[in-house]
Structures are given as C-alpha cells and as structure tokens.
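Commentary on secondary and tertiary structure
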Amino acid sequence: MPALALGADISGDLRRWHRISLTFDGPMTDEHATVNPFLEYRLVVTFTQGNQNFEIPGFYAADGDAAQTSSDSGDKWRVHFSPPTTGLWTYQASFRQGIDIAVSDDPLAGVPVAFDGETGSFLVGPSNKTGRDFRAHGKLQYVNERYLQFAGSGEYFLKGGADSPENYLAFADFDQTTPSHLYGPHLQDWNVGDPTWGNDLGKGIIGSINYLADVGMNSIYFLTMNVTGDGDDVWPWTSASERFRFDCSKLDQWEIVFDHMDRNGIMLHIVTQETENDQLLDGGDLGIERKVYYRELIARFAHHNAVTWNLGEENSNTEAQRIAFAQYFDDHDPYHHPLVVHTFVNQKETVYAPLLGNASFEGPSLQRADNGTVIEWIDRSANAGRPWVVCYDEQSPATAGVVPDDVDPDHDDIRVDVLWGTLIAGGGGVEYYFGYNYPNDDLTCEDWRSRANMWTQTDHALDFFRTYLPYWNMSHANALTAPGGTRCLADPGNIYSVALNDGSRNTDVDLGTEPERFRVRWFDPRSGGSLQWGERRLIDGPGFERIGLAPNGDDRDWIALVERCGPNCLGDANGDAVVDGRDLAPFLGCLFDSGSNASCVFADFNGDEIIDNADLGPFIDALLFSELPRTILSTDFNEDGTTDSRDIPFLMSCLQETDAIGECGHADLNADDVVDFGDVQIFIDRLLAE
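What counts and how
Residues numbered from 1 in each chain as written. Predicted model: local features only at pLDDT ≥ 70, side-chain atom pairs only at ≥ 80, totals over all residues. Heavy atoms only, no water. Pairing = 2+ DSSP bridges. Helix = DSSP H or I, 4+ residues; strand = E, 2+ residues; numbered from the N terminus. Contact = heavy atoms within 4.5 Å. Axes fitted to C-alpha atoms, helices over the stretch in contact; angles between N-to-C directions. 1 Å grid on protein atoms, 1.4 Å probe; cavity = no way out; pocket = protein on both sides within 12 Å on 5 of 7 lines; lining within 4 Å. Points joined across faces, edges and corners; volume = space filled by probe spheres on them. Polar contact = N/O pair within 3.5 Å; in protein donor to acceptor, adjacent residues only side chain to side chain. Buried < 20%, exposed > 50% of the residue type's maximum accessible area, 1.4 Å probe, protein only. Phe/Tyr/Trp six-rings, centres within 6.5 Å; stacked < 30°, edge-to-face > 60°. Lys NZ or Arg CZ within 6 Å of the ring centre and 35° of its normal. pLDDT = per-residue confidence, 0-100. Expected span 1.5 Å × (residues − 1). Right-handed = clockwise from strand over helix to strand, strands pointing away. Parallel < 35°, antiparallel > 145°, perpendicular 65-115°, else oblique. Left-handed = near helix turned anticlockwise from the far one by under 90°. Salt bridge = Lys/Arg side-chain N within 4 Å of Asp/Glu carboxyl O.

What to know about the sheet that holds strand β26 (residues 517-523)
- Overall, antiparallel pairing links the six strands, which are arranged β21-β23-β24-β29-β26-β27 in an open sheet. Only two strands of the sheet have a single neighbouring strand rather than two, namely β21 (475-476) and β27 (532-540).
- Across five bridges, β26 lies against β27 in antiparallel orientation. Across the sheet, R519 pairs through a bridge with L538, a residue of β27.
- The strands touched by helix α8 (residues 412-425) are β21, β23 (487-491), β24 (495-500), β26 and β29 (558-564); relative to β23, the strand with the most contacts, the crossing angle is about 25°.

So, in structure tokens, the structure goes:
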C-alpha cells in the first residue's frame, strides 16, 4: 500500500496497529559529535487524521541500518508510528536545533533546520494479523478497570511471564554489551525466517522469545539500565559512564527483539532502573539526564502495542520524584501506556499510598504478596477513584523465588499462593523471579526450560480464566465461601470460581437470594484439561449451599466452577446454560457410544455411570421444557403442526426397529429404506436450521 506523497522514506506495513517508520535525510553527524544529536536536535512528527493528533518524538538513527551495520554515524533521523485507525493519515515534521532542546517542551525553542516543516501522507489499511500477534489486537490500554484491555480486539489481558533474568538485555550479540547471556539452550527454538542481525546474530534471544510464547506466556520483565546495579551490564548509552549519547546500533538491535516480542504476543515490561542506581541520574531528580533517557525510550519503543513502563525495581526515590517521573511519561508517551512501580515488601505503604488516585499511575508491581495483599490494593485504589491493575512480580525469599523444576517439580506453594492467589483476588497477573541460590537465577538464567512446569501450570490458569470466566465482570468474594480458608472470585448470583487448598473438605458458597439452580464442575490446576464432575453436580439457592467434594475426594488444591444454569442444566451438553436443540447432537453421540466416557457425564441423568436408553426419557423431558425452534416440515412425526422436541420419541422408537421400516417410513429422511443414525442427523440439522 504505497504512500500518497513523497517526503520522508516511509517503511513498514501500512496497516492499523503496525509499526510505520518515517526516515528523514538530515544533518550528517555521529554519536560523539560536538553538537550532540541526542540532546541538541529535536525531532517531533505530528500525525493527523480528523480530530486525532499524535505528536511522536523521533530519534537519531545513524546510517538508518545501524542494527545490521553497527554504524555510529550518518544523516538519518527516524520516527516510529503505530496508527490506531485505518484511512488517510497526514504528517508534518518539526526538526529544530538548540541547547538542550531535546528535553524542552517549548515548540518554538531553538531554530528550524533541515527538513523542518516537511509534510506528507499515507494510506493505512486494516491489520492482516491474527492469533497471539499484538498487531491483531491493538494497543494494550488502561481503561479505568482492574484489567488492561486491547483497544482493537476489546479483549482483556491477564499477564503470565518471566521476571528473570532482570538483565535479559545483557546479551552477547548486542553491540558494546557485557556478554552475561548467550541463551544457548534456546538456539533450538529459533526458526527459519526469524530475524537476526549482523553476521547471523541474535538467534539465542530470539529463540527464547519463541519458547516463552510457545508455552503460553505473554510478558517479560527486564531492565534497560542497571549501571552500578546487581548486573551492571545493561545500558542504552555508548558507555556505562555516558548519560547523553546513545548507542544507535545497540538500540536498533533491541528494537528487533522487541518487535519479535510484539509479533509473538509478549508484553514489554520495561523497568527503567533499580534500587542501586535510582539516584544515578540527576541525583534522583527529574533533570536533563533522566529526561533525555526517558525521551529516548519513548521515541524508540513506545510504538509497541503492549508496553508497561516501570519506574524502578525496589524503588527508593522520594514521593515527589516518583510523581514527577510518572507525570513525565504521561505527558510525553503519545500512547499513554500503563505505568507502574516496584518496591520492597516493607515499603508498600510508603511508596504506593501517596500514588492512590494519581491520574498518571496505573498500579503496583508487587514484591512478596498474597491473596490478601492483592485484594488490599485493588480495594484501596478503587476507593480512591482510580482502580489499579495489581500484579505480583517478585516472589520471596530472594534466595529462592520460583526454584528450578529439578528442585521442586510441582511448585505447589507458588501455584496455590502466587498464581491462583493473585488471579482469584482479581489481580492483573504474575511474573516469576528466580532466586540466587539456584542455577538459572535472576542474573544467570540462560534456559527458561528450567521452570517448564511452572509455565505449564500458569498456562492452565490463564486458559481457565479466558475459557470459563467473564473475569472482568467478577470481583474477589472470599466472604461468599464458608468455612474460611477458601478464596473466591465471583459475579454473585451468577458465577463463582472457588479456589480450595483441599478438595476433600466441605465448602459452602452463598448462591444469593433467589431460588436458582447451579451446576458445579471442577478444574485441576496442576494438569489442566476439561472440567470434571465432583461429588455434587447440581445445587440450589438461595443462601449458602455445600458444593461437595472435588473429583474422587482429592485432598489437593482444586478450582470449583459454580454456574447458574437454570432448571434443566444437567442436560446442557454445550455449556451455554440452556437445554435446547444444540444439545441433541452431543447427547445422541454419547448414547450411541454406550458411553461411560467421562466427557459424557452431562447425559447420565440416572447416575448409573452408563449413558443408555434409561437416560433418554429424562433428556427428552428436559428438552420439552425448553424453547426449541418450530416449523412445519416433513419431520413433524406426531403431526401437531411443528417440528420440535415432541417428535423425538417417535424418531427414537423407529430407530430401535429392524430394517423393515413399516410405519416408520416417513422417518426415513434419506430414503435408504432404513431408519438409522443418518436420519437422526438429518432431523437434527433441520431442527437447528431454524
């Protein structure tokens, strides 16, 4: 889809939510020039469509291909834009020179130079991406709720991913980088067609992204600056001691990695500093050093669809400083990505309480928490008028966190208290920290397969929430369960997800004030899979009612799903809370299989663990209470003027006869001189067609 006017070189997919790059020919310079290209030039491009205006900061791009050439000089200046709508977009460039102009918000500061004022336009089409690719979903946004939401697809986001290694970007194949990581075990995960740079570099880190996406995770937490910190091996500048000059080739190589994360549905959790260096820039204040650092991050990486900015790990800045940092991101990030901060376990009140209700802040990145901690900050933020997305991002103690599978293959405590404890509280998700007493720790992790079992269990949990729960309409509701010791997320009177540490204990759930019927099924958080039946299948409100024991009275942790389903919900084969014609095909399939199949248990009306003709009558009775489509067809076997469930007994009776169809002739719908399952299928198809 070509640009409609010549001006800047326009590259990338001209599609909604995709990265579109405009590259301008400007002054020839280099990273070390006397006139600093990162501080004494300012590129801002305004993109306009109707009443939409995006002022996007640009950056110095050396020769325009620095990721591949490792160049530190050239005359290219670039801006990345991710359009939120299709159609015609126009742009106008502002390019000015002046002392410290990069951190000035005065549009008339300095003097115009080179291509200042250049305009152009381009036409944007719809995204052609599907699945995990964030370009299919749009920007991940804070929407004044407990969960982030994609602007394009409208889907809500639950986070599951890696908190370690925090020095993820200390990768040997990046230019001028301390080679703390090779990610050799993930070379096997690189696929033909995946990106590389230079002389076939980057395969290890690209493969690590593929692996994490393949096991269902969607977030990576990483530092972009840890000078004097634990790793002291990651920085965006030309050297560890530099503060105003950025390494163009290294940052372009980071962009290749971040782009691959976007394509694979991995959110960028960008942690801008850690406790050891949060006083490094401007003595901890929001000064020129910090502003130009933040500006470069925003200019180069804010176009990505899923970004969370983190003001710092175990942050020790002052309240006023944190508020100033948050305001800077709010003022200068044109996409307004969510912003969080991480702090010590004993500093939550000091750090988080002053930020309650702050319009530039979207939530805490918790260290050592539990179900009650997540609930506390959800409730306090909601009461302050700005609900937070509360995530649990570092597990204690620091020596352990989430240990390798070969030390703890089951991860029972992490699964029960961290993963499900957070999600059932209504939290926004989890990331896992790897403690320093074990291999593949927070600074040395080379292989995410070291925690493969934890990724699998996390994928089970996320899949349960996405498949079975309208979780965005549910709230923590531990008080609706009794006796104590259970945790609950609920839309009271409609649906409850109850987490039990012991599936063999009796638990009651408050079903509300109406005499409604509820179905009880169980989810195994260790192995996932289909929902299972436990001791009780149906329970009735109002008030507290015992939900029964987990399958086989298992005393491990289980998740009970309690759903309002109407008076006949035992026969609801497809799980839509209504017994109607759509349940016929699954029921008949189970009947003809003479099933003792666990997946057919919905059809076992008489509880003898066999699905046979004895269950047929009750199923038909259930259908007779439903509202089926009605029409006059040749399938009106009882000649009452409609084809509906009242014709089923005649058809089933004929089905039991021999090949001599006799009086059943008009039930031989496919005219093969026998009434068999082929005729039943035609009957069902006609019924459902209405």
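Here's the deal with empty space enclosed by the protein
- Throughout the structure, instances matching the rule amount to five cavities of 30 Å³ or more.
- In this structure, the largest cavity encloses a volume near 130 Å³.
- Along its surface, the largest cavity is lined by 15 residues, and L148, T308, V340, V389 and C391 are the ones closest to its centre.
- Of all the secondary structure elements, the ones that give two or more residues to the lining of the largest cavity are β15 (267-271), β18 (363-367) and β19 (391-394).
- The volume enclosed by the second largest cavity comes to roughly 60 Å³.
- Around the second largest cavity sit P37, F38, Y41, R42, L43, G58, F59, Y60, W77, A102, R295 and E296, which together line it.

Quick word on the environment of S208
- Examined against the element boundaries, S208 turns out to sit in helix α2 (residues 203-214).
- When the C-alpha atoms of S208 and D447 are compared, they prove to be 7.9 Å apart, with 239 residues separating the residues in sequence.
- Once you skip the residues sitting within four places of it in the chain, S208 turns out to touch Y168, H186 and W448.
- A polar atom in the side chain of S208 sits 2.7 Å from the side chain of Y168.

Let's talk about the side chain of E255
- Structurally, the position occupied by E255 is in helix α3 (residues 248-263).
- Exposure remark for E255: the relative accessible area of 6% places this residue in the buried category.
- Polar side-chain contacts of E255 include one of 3.0 Å to the side chain of H303.
- Residues contacting E255, with those up to four places away along its chain left out, are R19, R300, F301, H303 and H304.

Some words on the packing of aromatic side chains
- Evaluated as defined, the whole model comprises 53 aromatic pairs.
- Each ring, one from F47 and one from F81, has its centre 4.1 Å from the other, and the planes form 10°; the classification is stacked. Placement of F47 in strand β3 (residues 41-49) and of F81 in strand β6 (residues 73-81) is noted, with a sequence separation of 34 residues between them. F81 carries the same exposure label as F47, and that label is buried.
- Its end group placed over the ring of W190, K203 keeps NZ or CZ at 4.3 Å from the ring centre.
- Its end group placed over the ring of F434, R451 keeps NZ or CZ at 3.9 Å from the ring centre.

Focus on the environment of V79
- With respect to the secondary-structure elements, V79 resides in strand β6.
- For V79, a relative accessible area of 0% gives the class buried.
- A sequence separation of 20 residues divides V79 from F59, and the C-alpha atoms of the two residues are 6.5 Å apart.
- For V79, the residues in contact, after removing those within four places along its chain, are I20, S21, L22, F24, V45, F47, I56, P57 and G58.

Thoughts on the confidence of the model for the chain
- Model confidence for the chain is summarised by a mean pLDDT of 91, while 88% of its residues fall at 70 or above.
- Every residue in residues 1-6 scores below 50 in pLDDT, and together they form 15 contacts with partners more than four places removed in sequence or on other chains.
- In this model, residues 625-632 is a region of pLDDT below 50 whose contacts with residues beyond four sequence positions or in other chains number 20 contacts.

Section: α8
- Here α8 spans 18 Å end to end across 14 residues, near enough to the 20 Å set by a 1.5 Å rise per residue.
- Burial runs high along α8: 11 of the 14 residues are buried.
- Turning to α8, its buried residues are I414, R415, V416, V418, L419, W420, G421, T422, L423, I424 and A425.
- One or two residues past the end of α8 sits G426, with phi positive at roughly 100°.

Structural notes on the pairing of strand β14 (residues 219-223)
- Counting buried residues along β14, five of its five residues qualify, which places the element largely inside the surrounding structure.
- What you see with β14 is no split at all: S219, Y221 and L223 on one side and I220 and F222 on the other are buried throughout.
- This β-α-β element, strand β13 (residues 159-162) to α2 to β14, shows right-handed connectivity.
- Bridge analysis of β14 against β15 gives five bridges, and the strand direction is parallel. Each bridged residue has a counterpart across the sheet, and for Y221 the counterpart in β15 is H269.
- The parallel pair β14 and β15, bridged by α3, forms a crossover whose chirality is right-handed.

A short note on the packing of α2 against α3
- Where α2 meets α3, the closest approach of the two axes is 10 Å, and the angle between their N-to-C directions is 15°. Comparing their axes, α3 and α2 come out roughly parallel. Considering how the two elements wind past one another, α2 and α3 form a crossing that is right-handed. On the side of α2, the interface is formed by I205, I206, I209 and N210, while α3 contributes V257, H260 and M261.

Considerations on the pattern of salt bridges
- Tallied over the full model, the rule gives 26 salt bridges.
- Across the salt bridge formed by R380 and E376, the nearest N and O atoms sit 3.1 Å from each other. Linking R380 with E376, this pair stays in helix α7 (residues 371-383), spanning four residues, or about one helical turn.
- Linking D524 and R526 is a salt bridge whose minimum nitrogen-to-oxygen distance equals 3.0 Å.
- A relative accessible area of 8% means that D524 is categorised as buried.
- Judged by its relative accessible area of 16%, R526 falls in the buried class.

Comments concerning the pairing of β29
- Burial of β29 is extensive: six of the seven residues sit out of reach of the surface.
- Direction of pairing for β24 relative to β29: antiparallel, over a ladder of six bridges. Note that in β29 the partner of A499 across the bridge is I559.
- Pairing of β26 with β29 involves six bridges; the strand directions are antiparallel.

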